[in-house]
Amino acid sequence: MNFLNQVVLADAASGNAFGTYGMILIWVLVFAAMYFFILRPSSKKKKEEAQMRNSLEIGDEITTIGGIMGRVVAIKDDEDAIIIETGSDRVKMKFKKWCISTVDTVKEAPAKEKSSEKEEKTEKKGLFGKKKKDEEDK
């Protein structure tokens, strides 16, 4: 501890207004910026991709990272693989789940989300707190 006090006093005595604590603060800010701009978005994207691959169902239209498009006909959880059917000649191919790029099937939102969207539309308020009528009522 005595050594740290001497370093701080030496920095202050040398005319360095920023000192050791300022340099530590700069490094902390640099690492925090790296976390928020680089590490956090990439981990968020990986979680979304994993959720997309785990929610895959038979009959979904997919595109692989190699550009192969097809329909899922089987899911093998023990091998972490899927079997897709491509083209009109019904060729079946087996792929690992990690090679799925996108799921092209548009799925309907659950009933809870639909009802909440309707509630949000009906509860619009104007500038002074008065309720607005929906565009459907006009």
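Treat the numbers as computed from the prediction; the structure is a model and nothing was measured. (Residues numbered from 1 in each chain as written. Predicted model: local features only at pLDDT ≥ 70, side-chain atom pairs only at ≥ 80, totals over all residues. Heavy atoms only, no water.)

Before going further, it helps to examine the UniProt feature "transmembrane region" (unreviewed entry) in the chain. As recorded in UniProt, the feature "transmembrane region" (unreviewed entry) lies at residues 20-39. Along residues 20-39, the helical share is 100% and the strand share 0%, with 27 Å between the first and last C-alpha atoms. (UniProt positions renumbered as here; feature names shortened; annotations may be inferred. Helix = DSSP H or I, 4+ residues; strand = E, 2+ residues; numbered from the N terminus.)

Right, let's get into the sheet that holds strand β2 (residues 69-76). If you walk across this open sheet you meet the five strands as β4-β3-β2-β1-β5, and the pairing is antiparallel. The open sheet terminates on both sides in strands that have one partner only, identified here as β4 (91-96) and β5 (100-103). The average undirected angle you get between the axes of adjacent strands in this sheet is 45 degrees. Pairing of strand β1 (residues 61-64) with β5, which is carried by three bridges, proceeds in the antiparallel orientation. (Pairing = 2+ DSSP bridges. Axes fitted to C-alpha atoms, helices over the stretch in contact; angles between N-to-C directions.)

Moving on, we get to the environment of D80. Along the chain, the position of D80 falls in the loop between β2 and β3 (81-86). Residues D80 and K97 lie 17 residues apart in sequence; the distance between their C-alpha atoms is 6.0 Å. In this view, D80 contacts K96 and K97; residues no more than four positions away in its chain are not counted. (Contact = heavy atoms within 4.5 Å.)

This part is about the packing of aromatic side chains. On inspection of all chains with the given rule, the structure shows two aromatic pairs. Aromatic side chains Y35 and F36 sit 5.1 Å apart centroid to centroid with 75 degrees between the ring planes, which places their arrangement in the edge-to-face category. (Phe/Tyr/Trp six-rings, centres within 6.5 Å; stacked < 30°, edge-to-face > 60°.)

This part takes up unusual backbone geometry. Working note: non-glycine residues mostly have negative phi, and peptide bonds are mostly trans. At D80, a residue that is not glycine, the phi angle is positive and equals roughly 55 degrees. The phi torsion at R90 lies on the positive side, around 60 degrees, for a residue other than glycine. Checked against the element boundaries, R90 lands in the loop between β3 and β4.

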